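Overview (structure and organization)
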Amino acid sequence: MPRDNDFKSKNEYKSECEEYLKKKLENSSDFEKDLMNELVEKYGLWVTIETAMKITGKSRSTIYKYKDNNSFIYKQSERKISIYTKSLIFVL
C-alpha cells in the first residue's frame, strides 16, 4: 500500500510535468496553435480516452501509457479521465 509521502510525490511530479507542458503550449509555433484551436473547435477543451484514441490514431493501451508518462495534460476523478485537448499535439 502506498504511503502518503509516495502519493504526494507522485502528485507533485504530475504538477511539475503539467507546468512544463503548459509552458510548451504557450511557446508553440503558429502551425501548432492553429492545429490546437482546430481540435478544440471540433472536440471541445477536454476529451475522453476514446476521443483521444480517435484523434491520435493510437490504441487505448498507448493512450494510458502516455497518461502514465505525463505526456499530456489530464485530470482524473476516480475512474473518469479527461485529457486537455490542446496537449494532444505532444503525442501526434
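Remarks on the overall build of the chain
Each helix and strand in the chain was counted, giving 4 helices and 3 strands. Moving toward the C terminus, one meets the helices and strands of the chain in the order α-α-β-α-α-β-β. Across its three principal axes, the chain shows a C-alpha extent of roughly 45 × 25 × 20 Å. Within the chain, buried positions represent 32% of all 92 residues. For the chain, long-range pairs separated by at least 24 residues make up 58% of all intrachain contacts whose partners lie at least 6 apart in sequence. Working note: accessible area of the chain is about 6,700 Å², and carbon and sulfur atoms make up 47% of it. Positive and negative charge centroids in the chain, built from 18 and 15 side chains respectively, lie 5 Å apart.

Looking at helix α3 (residues 49-56)
Within α3 the residues assigned to the buried category are Ile-49, Ala-52, Ile-55 and Thr-56. Projection of α3 onto a plane perpendicular to its axis shows the buried side chains occupying an angular sector of 120°, all on one side. Buried positions along α3 lie against α2 (30-43), β1 (46-47), α4 (60-68) and β3 (80-84). Just beyond α3, the residue with positive phi is Gly-57, at close to 75°.

Topic: the side chain of Ser-28
The topology assignment puts Ser-28 in the loop between α1 (4-26) and α2. With relative accessibility at 9%, the residue Ser-28 sits in the buried group. A polar side-chain atom of Ser-28 sits 3.1 Å from the main-chain carbonyl oxygen of Lys-24. Separated by 2.9 Å, the side chain of Ser-28 and the backbone oxygen of Leu-25 make a polar contact. Setting aside residues no more than four positions away along its own chain, Ser-28 makes contact with Lys-33, Met-36 and Ile-89.

So, the confidence of the model for the chain
When pLDDT is averaged across the chain, the result is 92; 91% of the residues are at 70 or more. The lowest-confidence element of the chain is α1, averaging 86 in pLDDT; the highest-confidence one is β1, averaging 98.

Reading the values: rules and limits
Residues numbered from 1 in each chain as written. Predicted model: local features only at pLDDT ≥ 70, side-chain atom pairs only at ≥ 80, totals over all residues. Heavy atoms only, no water. Helix = DSSP H or I, 4+ residues; strand = E, 2+ residues; numbered from the N terminus. Buried < 20%, exposed > 50% of the residue type's maximum accessible area, 1.4 Å probe, protein only. Contact = heavy atoms within 4.5 Å. Areas by Shrake-Rupley, 256 points an atom, 1.4 Å probe, with all protein chains shown as cover. Lys, Arg positive; Asp, Glu negative; His and termini not counted. Charge placed at Lys NZ, Arg CZ, Asp CG, Glu CD. Arc of directions from axis to C-beta. Polar contact = N/O pair within 3.5 Å; in protein donor to acceptor, adjacent residues only side chain to side chain. pLDDT = per-residue confidence, 0-100.

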